[in-house]
Amino acid sequence: MNIILIATEVEPLAKSGGLADVTSYLPREWEKQGHNTIIVMPKYSFIDFTYLNLQNTLLSIAVPMGFSTEYAGLWKCKLPYSNVDIFLIDHEEYFNRNGIYGDPIEFQDNDKRFTFLSRAVFEVAKAIDFTPDIIHAHDYHTALSLAFLKVFYQKEYRFSKTAGVFTIHNLAYQGKFNPYRVMDFTGIGMKEFYPGSWYENDGVVNFMKIGIMFADKITTVSPTYSNEIRMPYYSEG
């Protein structure tokens, strides 16, 4: 299969926790099984470009963001100890900063940053002529890609047979944002935001819920965790 793994962190390029370990391990295992995998992630300013032999592809992508279009460059390297290509999205405003999420206080524009990343993955696939069987999104940061797949891209031949897989690493971090900002950025609009809709949770946009609702398959980091989060005590609402 052709698989796109989209994530905010992949070891050894960028890491804040266990998410980076999983997103680094899985593509290597898939390669051993004969699958053709690429990784799409942001190009952060703190990445060690020399060690990874990061190369500018000289490709650019145009990413729809509401009523406007934003542009980004595309860089490329290999995942160490594999033949898996990593494509890094070069957007100065969103990713050229210290830190992945903002620590200890999250960046105030994380809603827009992660909306952009989730939409950009499709434009990356077009730019490199990659037709995915699977788009594998990890945690709330990339969950919107599964909504974009169904709402916008499944109508296109390249993505007509693409399935979306969502992996939950930590259900506690859900990505709750102002709907008047997010629904505008997505291009989906406030008409789809109402009580009980797939975008709404307790009056705000909930990225984690969106990933769960739009995914064709949902996985977690372990069988134990998959059972725990079905219980009210561990389900984080």
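See the structure printed just above.
Keep in mind that what you see is a predicted model, and the values were worked out from it rather than measured.

Definitions and cut-offs
- Residues numbered from 1 in each chain as written.
- Predicted model: local features only at pLDDT ≥ 70, side-chain atom pairs only at ≥ 80, totals over all residues.
- Heavy atoms only, no water.
- Pairing = 2+ DSSP bridges.
- Helix = DSSP H or I, 4+ residues; strand = E, 2+ residues; numbered from the N terminus.
- Axes fitted to C-alpha atoms, helices over the stretch in contact; angles between N-to-C directions.
- Contact = heavy atoms within 4.5 Å.
- Polar contact = N/O pair within 3.5 Å; in protein donor to acceptor, adjacent residues only side chain to side chain.
- Patch = residues over 30% accessible without salt bridge, like charges linked within 9 Å, V, L, I, M, F, W, Y side chains within 5 Å.
- Areas by Shrake-Rupley, 256 points an atom, 1.4 Å probe, with all protein chains shown as cover.
- Salt bridge = Lys/Arg side-chain N within 4 Å of Asp/Glu carboxyl O.
- Phe/Tyr/Trp six-rings, centres within 6.5 Å; stacked < 30°, edge-to-face > 60°.
- Buried < 20%, exposed > 50% of the residue type's maximum accessible area, 1.4 Å probe, protein only.
- Lys NZ or Arg CZ within 6 Å of the ring centre and 35° of its normal.

**Concerning the sheet that holds strand E5 (residues 85-90)**
Strands sit in the order E3-E4-E5-E2-E1-E6-E7-E11 across an open sheet of eight strands; the sheet is mixed. Single-partner strands in this sheet number two, and they are strand E3 (55-65) and strand E11 (217-220). Each strand of the sheet is rotated relative to its neighbour by a mean of 25°, with strand direction disregarded. Bridge count for strand E6 (residues 134-138) against strand E7 (residues 163-168) is five bridges, and the pairing is parallel. By the bridge assignment, Ile135 is partnered in E7 with Gly164. Each of strand E1 (2-6), strand E2 (36-42), E3, strand E4 (68-78), E5 and E6 touches helix H4 (residues 110-127); the most contacted strand, E3, lies at about 120° to it. Relative to E7, helix H7 (residues 207-214) is tilted by about 135°, and along the sheet it contacts E7 and E11.

**Re the side chain of Thr8**
In this fold, Thr8 is placed in the loop between E1 and helix H1 (18-32). Within the structure, the side chain of Thr8 is placed 2.7 Å from the side chain of Tyr101, a separation counted as a polar contact. Leave out the neighbours within four places in its chain, and Thr8 touches Leu19, Met41, Pro42, Tyr44, Ile100, Tyr101, Phe114, Leu117, His141 and Thr142.

**Here's the deal with a nonpolar patch on the surface**
A surface patch of nonpolar side chains, amounting to about 380 Å² of accessible area, comprises Met231, Tyr233 and Tyr234. The residue Tyr234 is located in the segment after helix H8 (223-228) in this model.

**A look at the packing of aromatic side chains**
On inspection of all chains with the given rule, the structure shows 17 aromatic pairs. Taken together, a centroid distance of 6.0 Å and an interplanar angle of 35° make the contact between Phe148 and Phe152 tilted. Residue Phe148 and its partner Phe152 are located together in helix H5 (residues 144-153), separated by four residues, close to a single helical turn. Under the relative-accessibility criterion, Phe152 is labelled partly exposed at 24%. Each ring, one from Tyr199 and one from Phe214, has its centre 5.6 Å from the other, and the planes form 50°; the classification is tilted. Of the two residues, Tyr199 sits in the loop between helix H6 (179-186) and strand E9 (200-201) while Phe214 sits in helix H7, which places them 15 residues apart along the sequence. In terms of burial, Tyr199 and Phe214 fall into one category: buried. Ring-pair connections join several aromatic residues into one group, and the members of that group are Tyr44, Phe46, Tyr94, Phe95 and Phe116. Sitting above the plane of the Trp75 ring, Lys43 keeps its charged end 4.8 Å from the centroid. For Arg119, the ring lying beneath its charged end belongs to Phe148, and the centroid distance is 5.2 Å.

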